[in-house]
Protein chains: 2
Amino acid sequence: MTIILNPAKSEWKDLCIRPEIGKSYIENAILDILYKVRTEGDKAVKHYCEKFDGFSPDSLKIDIKEIKAASSSISAELKGAIGKAMANIEKFHAAQLIAEQPVVTSKGITCWRKNVAIEKVGLYIPGGSAPLFSTLLMLGIPAKIAGCNLITICTPAGKDGKVNPVILYTAGILGITDIFKIGGAQAIAAMAYGTETVPKVYKIFGPGNQYVTKAKQLVQQDGVAIDMPAGPSEVLIIAGKDANPAFVAADLISQAEHGPDSQVVLTTDYKDLLSKVREEVEKQTKLLERKEIIEKAIENCRLILFASLQECIDFSNEYAPEHLIINSSEYGKYTGKVTNAGSVFLGQYSCESMGDYASGTNHTLPTNGYARNYSGVSTESFIKRITFQEVTQEGIRELGPDVEKMAEAELLTGHKNAVTLRLKK
Amino acid sequence: MTIILNPAKSEWKDLCIRPEIGKSYIENAILDILYKVRTEGDKAVKHYCEKFDGFSPDSLKIDIKEIKAASSSISAELKGAIGKAMANIEKFHAAQLIAEQPVVTSKGITCWRKNVAIEKVGLYIPGGSAPLFSTLLMLGIPAKIAGCNLITICTPAGKDGKVNPVILYTAGILGITDIFKIGGAQAIAAMAYGTETVPKVYKIFGPGNQYVTKAKQLVQQDGVAIDMPAGPSEVLIIAGKDANPAFVAADLISQAEHGPDSQVVLTTDYKDLLSKVREEVEKQTKLLERKEIIEKAIENCRLILFASLQECIDFSNEYAPEHLIINSSEYGKYTGKVTNAGSVFLGQYSCESMGDYASGTNHTLPTNGYARNYSGVSTESFIKRITFQEVTQEGIRELGPDVEKMAEAELLTGHKNAVTLRLKK
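Residues numbered from 1 in each chain as written. Chains lettered and ligands numbered in written order. Predicted model: local features only at pLDDT ≥ 70, side-chain atom pairs only at ≥ 80, totals over all residues. Heavy atoms only, no water.

### Overview of the sheet that holds strand β1 (residues 2–5) of chain A
- Spatially, 9 strands are ordered β1(A)-β11(A)-β10(A)-β9(A)-β12(A)-β13(A)-β14(B)-β3(B)-β2(B) in an open sheet, and the strand pairing comes out mixed. The sheet is open, and its two borders are formed by β1 of chain A together with β2 (103–106) of chain B, each paired with just one other strand. Direction aside, neighbouring strands of the sheet carry axes that sit 20° apart on average.
- The pairing of strand β9 (residues 234–239) of chain A with strand β12 (residues 323–327) of chain A spans 5 bridges and is parallel. Its bridge partner lying in β12 of chain A, I238 of chain A is registered against I326 of chain A.
- Here helix α11 (residues 271–286) of chain A sits on the sheet in contact with β1, β9, β10 (263–268) and β11 (302–305) of chain A, set at roughly 165° to β11 of chain A.
- Against the sheet, helix α15 (residues 393–409) of chain B touches β2, β3 (109–117) and β14 (383–391) of chain B, its axis set at about 90° to β14 of chain B. (Pairing = 2+ DSSP bridges. Helix = DSSP H or I, 4+ residues; strand = E, 2+ residues; numbered from the N terminus. Axes fitted to C-alpha atoms, helices over the stretch in contact; angles between N-to-C directions. Contact = heavy atoms within 4.5 Å.)

### Digging into the relation of the copies chain B and chain A
- Placing chain B over chain A gives an RMSD of 0.0 Å and needs a rotation angle of 180°, together with 0.0 Å of translation along the axis. Expressed as a symmetry operation, the mapping of one chain copy onto the other fits a two-fold axis. Looking at the rotation axis and the C-alpha trace of chain B, the residue lying nearest is I98 of chain B, at 4.2 Å.
- Of the residues that chain B buries at the interface, 100% are likewise interface residues in chain A, meaning the two copies contact each other through the same surface. (Least-squares fit on C-alpha atoms with pLDDT ≥ 70 in both.)

### Structural notes on the pairing of strand β2 (residues 103–106) of chain A
All names here are of chain A.
- Where β2 and strand β3 (residues 109–117) come together, 3 bridges link them in antiparallel fashion. The partner of V104 across the bridge, within β3, is T110.
- Here β2 hands over to β3 after 2 residues, with G108 in that stretch at a positive phi of 80°.

### Observations regarding helix α5 (residues 76–94) of chain B
- A rise of 1.5 Å per residue sets the reference length of α5 of chain B, with its 19 residues, at 27 Å; its end C-alpha atoms lie 26 Å apart and thus fit the reference within 8%.
- Within α5 of chain B, the full set of buried residues consists of L78, A81, I82, A85, M86, N88, I89, F92 and H93 of chain B. (Expected span 1.5 Å × (residues − 1). Buried < 20%, exposed > 50% of the residue type's maximum accessible area, 1.4 Å probe, protein only.)

### Regarding the confidence of the model for chain A
- Mean pLDDT over chain A works out to 95, with 98% of the residues at or above the 70 mark.
- Across the whole predicted complex the pTM is 0.96, and at the interface the ipTM reaches 0.96. (pLDDT = per-residue confidence, 0-100.)

### Notes on the side chain of H415 of chain B
- By the element assignment, H415 of chain B lies in helix α16 (residues 413–424).
- Since its relative accessible area comes to 1%, H415 of chain B is described here as buried.
- Looking at H415 of chain B, its side chain comes within polar contact range of the side chain of E257 of chain A, at 2.7 Å.
- Those residues in contact with H415 of chain B, other than ones at most four positions away along the chain, are S254, E257, H258, S353, D356 and Y357 of chain A together with A407 of chain B. (Polar contact = N/O pair within 3.5 Å; in protein donor to acceptor, adjacent residues only side chain to side chain.)

### What to know about helix α2 (residues 27–40) of chain B
Residues and elements named next belong to chain B.
- With 14 residues, α2 should reach 20 Å at 1.5 Å per residue; the first-to-last C-alpha distance of 20 Å fits that figure.
- Within the sequence span of α2, burial applies to I30, I33, L34 and V37. Viewed along the axis of α2, the buried residues span an arc of 95°, placing them on a single side of the element. In α2, the exposed residues that point more than 90 degrees away from the buried face are N28 and Y35.
- Those residues of α2 hidden inside the fold are in contact with α3 (42–53), α8 (184–193) and α9 (210–220).
- A positive backbone phi angle near 65° is found at G41, which sits one or two residues after α2. (Arc of directions from axis to C-beta.)

### A closer look at the nonpolar core
- Ranked by size, the top nonpolar core spans 96 residues in total, and within it M406 of chain A together with V121, L123, L136, I182, M354 and F382 of chain B carry the most contacts.
- Beyond its immediate stretch of four places on either side in the chain, I182 of chain B contacts V45, L60, Y124, C154, T155, P156, A187, A190 and V198 of chain B.
- Judged by nonpolar contacts, the second largest core, of 95 residues, contains I125, I179, A185 and A215 of chain A. (Core = buried A, V, L, I, M, F, W, Y, C linked by side-chain atoms within 4.5 Å.)

### Quick notes on the packing of aromatic side chains
- In the structure shown here, the tally under the stated rule is 16 aromatic pairs over all chains.
- With a centroid separation of 5.4 Å and an interplanar angle of 75°, the aromatic rings of W12 of chain B and F306 of chain B are classed as edge-to-face. Separated by 294 residues along the polypeptide, W12 of chain B in helix α1 (residues 9–15) and F306 of chain B in the loop between β11 (302–305) and α13 (309–319) bring together distant segments of the chain.
- An aromatic cluster is built from W12, F306, F315 and Y319 of chain A, whose rings are joined through pairwise contacts. (Phe/Tyr/Trp six-rings, centres within 6.5 Å; stacked < 30°, edge-to-face > 60°.)

### What about the sheet that holds strand β6 (residues 178–180) of chain A?
All names here are of chain A.
- The strand order β6-β5-β4-β7-β8 describes an open sheet built from 5 strands, whose pairing is parallel. The two strands at the open ends of the sheet, each matched to only one other strand, are β6 and β8 (225–226).
- Sitting on the sheet, helix α6 (residues 133–146) touches β4 (120–124), β5 (150–154) and β7 (203–205), and the angle it makes with β4 is about 170°.

### Considerations on the interface of chain B and chain A
- Listed by partner, the interface residues are 125 residues for chain B and 125 residues for chain A.
- For the pairing of chain B and chain A, the buried interface totals around 11000 Å² over both sides, and the portion due to carbon and sulfur atoms is 57%.
- Area buried by chain B at its contact with chain A is led by Y349, Q389 and R422 of chain B, which between them contribute 8% of it.
- Inspection of the region where chain B meets chain A yields 8 salt bridges. (Buried area = accessible area lost by both parts, 1.4 Å probe. Salt bridge = Lys/Arg side-chain N within 4 Å of Asp/Glu carboxyl O.)

### Describing the side chain of H363 of chain B
Residue and element names in this part refer to chain B.
- As for its position among the elements, H363 is in the loop between α14 (352–357) and β14.
- The exposure class of H363 is buried, given its relative accessible area of 16%.
- A distance of 3.0 Å separates polar atoms of two side chains, one belonging to H363 and the other to T135.
- When neighbours within four sequence positions are excluded, H363 is seen to be in contact with S134, T135, M138, E322, G355 and D356.

Structure (C-alpha cells):
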C-alpha cells in the first residue's frame with residue numbers, strides 16, 4: 001500500500017494509469033487457436049480441452065440430464081438466495097427496455113425505433129478458481145428479457161470433465177440448455193465461428209482471463225460483436241470523515257480478492273483514515289481464504305489524501321473506475337457530479353458485494369478507464385434498435401424539394417433523382 | 001445485373017455474402033501512420049497531409065473566421081433545406097434519451113441509471129468526391145443533444161488546402177469550432193492519441209474509406225471507442241406487384257452511386273418487375289453525373305425472385321441489409337417481421353434519400369451484415385449509462401444474508417466479509 005498526500009493536479013494523470021497488459025506476446029498463440037477452431041471445428045476444440053483443461057471430452061455439450069441433476073446438490077439456502085438475486089436483477093433489467101413512441105418529424109413523415117433482440121448470443125462463464133454463477137445471472141437474465149432466440153454458454157470443465165453444479169443449476173432456472181464445457185480462447189473461437197456442435201453466435205459476452213479477452217478482441221475483427229473490452233477489475237472508494245475504517249478496508253479487500261492484478265484505490269479528505277484503513281486491511285486479510293491473492297493486489301493499492309471530497313470526485317472522474325463507492329453520509333452532494341464510472345455505490349451500506357450479486361444492477365462493467373466511453377452490460381446490450389420511417393405523398397411533397405437541394409450540393413444526383421421522380425408523379 | 005429465380009434456401013447463405021474486404025495488406029501501412037502520429041504528433045500529421053492530400057498546411061486547425069465566412073457562399077435555399085433537415089433530425093434524436101426512473105428492487109434497495117455524455121468525441125467527415133455535410137448533421141446533432149463537452153471534426157482539405165464551405169457552414173450552425181483539416185488514417189490517429197493541436201477524444205465516429213475504417217479498428221485496441229465497424233453501403237429492396245419500376249430503379253441507383261463497391265439487391269414476388277426495373281436502371285443511369293460509378297456497382301446488382309413477399313422478408317432478415325426499402329402497399333403486414341436491418345423505409349414514397357438527408361432518422365448505419373448485432377448511430381451512441389445504488393440499513397439486513405451465501409458459494413469470502421461486518425454492526 002502506498003500513501004500519497006495531496007498530489008498536485010499534474011500528477012493525477014500518472015496516478016490514473018493502469019498497469020500495461022502485455023498485448024502482442026500472446027496474440028500469435030491466440031490467432032493460431034482461432035484459425036484451428038475455425039477450420040477444424042470440434043476436433044480442434046477437443047484437442048485444446050485436452051491440452052489446456054486436462055480432460056478429453058466425449059461430448060462437448062452438457063446433457064440435459066446433468067443440468068436437471070445439478071439441482072439436487074445445491075442447498076435450499078443457496079437456491080433461495082439465487083432466487084432473490086434473480087428477482088432483483090430481473091426487476092432492474094426489465095425496466096430498461098422502454099418502447100419508444102413514433103415521432104412525426106414533419107408533415108407526413110413518421111419515424112420510430114423498434115427494439116429487436118440480437119438473435120444469437122453466447123455467454124462465456126469463467127470457471128477456474130471461482131465458479132462465477134453470478135456472472136451467468138448478470139448475462140442470462142438480460143438476454144432472456146431482450147428475447148434472444150439462441151443463448152449458449154461456454155464454461156470450462158475441471159480435470160474431471162465436470163462443470164460446477166451451481167452454474168448448471170443457474171442455467172437450468174434461466175431455461176438455458178445449450179451449455180458447452182469449453183473454456184479459454186477455444187470457447188470464444190467456437191462461439192464466433194461455429195463448429196459441428198457449437199452454434200455460431202452474433203455477439204459474445206462475459207469476462208475471462210487475458211487469453212479470453214484477447215480472443216474476444218480478435219474475433220471482433222471478423223464481424224462478431226463483443227460486450228466490451230476488459231481489463232482487471234477495479235474499485236475506487238471515496239471515504240468521508242464518518243466512514244467506518246473496517247467497512248472501507250473490507251471493500252478494498254473484496255476487490256483485491258478477484259486477482260493479484262485487481263486495481264484498488266482509496267481517496268479521502270480525512271488524513272487519519274489512511275492509517276486506520278491500512279491497519280484494518282492487514283487485520284482482516286489474515287483471516288481470509290484468498291489471503292495470498294489479496295496481499296498481492298493490496299501491495300499496489302493507493303491510499304490518496306485530497307483537500308476535499310469534491311477533489312476526490314474530480315480525481316475519480318479522471319480515473320473512471322469500474323466501481324465507485326462513495327462512503328460518506330454526504331454522498332447526496334456528489335452523486336450528480338459523477339461523470340465517469342461503471343457503477344456507483346452510495347453510502348456506508350452500499351458495499352460492492354451487494355451489486356456484485358443481488359441488488360439488481362449489472363456487475364459486467366467497463367474497466368481500465370473504459371468507463372469514459374462504455375456503459376456496463378444492460379438489457380440494451382442484447383438488442384439492436386432498428387429505425388423505421390413512413391413517408392406519405394404529403395410528406396415527400398413537403399420535404400422532397402429540400403432533399404433534392406441537399407443531394408445536389410453533395411453531388412449525389414442519383415439521390416436527387418429518386419425524389420424528383422416521385423415529386424413528378 | 002444478375003437475375004436469380006427462386007433460389008433454394010440452401011443457396012441463400014451464398015447470396016448473403018458480401019465481397020471480402022482485403023484485410024491485412026493495408027494494415028502495416030496504417031500501423032506505421034498510427035505509430036508516427038502517436039510519437040511525432042503534428043509534425044507527422046503535416047507530413048501525411050502533404051503526402052496524401054497534396055497540400056502543406058501552416059495550421060491544422062481551421063480559423064474561426066473561415067467558419068464564419070463560409071456562410072456567405074451558401075445559397076439561401078440550401079441553408080433553408082439544411083435548417084429543415086436539422087430540425088427533423090433534432091426532433092427524432094431528442095426523443096431518444098429517456099431519463100429512467102429509479103427502481104426499488106427490494107426493501108431498502110434503490111437502483112437507477114443515469115445518462116452521462118461521453119466527454120470528448122471526434123467526428124470524421126469524409127471529403128473527397130462528395131462533401132458529406134449530411135454526415136456532419138447526423139453525427140453533430142446527437143453529440144450536441146447528448147451534451148458532449150468537446151466535439152471535434154477532422155475532414156480532409158483539397159489540394160488548395162481548403163475545406164468545403166458547406167461543411168464549415170454546417171459545423172458553424174451546430175456550434176462546433178474545433179475543426180481540423182486532416183483526412184485519412186492520420187486523422188483517426190490524431191483524434192485517438194492527441195497531438196499538440198488536436199485533442200485526444202474517447203470515441204470516434206464517422207464513415208470513411210478502407211484506410212479510415214482500418215485505422216478506426218486498430219485504435220479501438222488502444223482504448224478508443226468507435227461508432228461501429230464499416231463496410232460498403234448497401235440497400236435491399238422488397239418490391240411488391242404494385243411497385244413503380246422507375247421508383248425501384250431510382251432507389252437501386254441512388255445506392256449504387258455511393259461507390260463501385262456499393263451492395264444493391266432487389267427482391268420481389270412479381271417476375272415481370274425484374275426486367276422492367278432492369279430497363280429503367282439502364283435508362284436512368286445514362287442521365288446521371290456519376291454514371292461510371294453507378295454502372296460499376298450495378299454490375300454486381302442481384303435481382304431475385306421469391307415465391308412471396310414473406311419469403312423476401314425472410315431472405316432480407318438473413319441478409320441483414322443496412323437499408324431496407326419495402327416498396328409495397330402491403331408493407332403494414334411485414335413491418336413487424338423485420339428482425340435484421342439498419343433502417344427500414346416503408347411504402348413507395350419512403351425512398352432512402354429522404355432518410356439519408358432530412359426525414360429525421362440517422363444515416364450512419366451498420367453495413368456488411370452488422371445489422372445482426374449493431375444498431376445505427378443514435379443519441380445513445382454519445383452517452384454512457386452509469387448505474388447507481390443506494391442500500392439502506394434495512395436493505396442490507398434484508399438482502400445481506402443472501403449475498404453472504406452467494407459469495408461463499410463462489411469462494412469469495414472477502415466479498416462475504418464486507419457484508420458480514422456491516423450486518424454485525
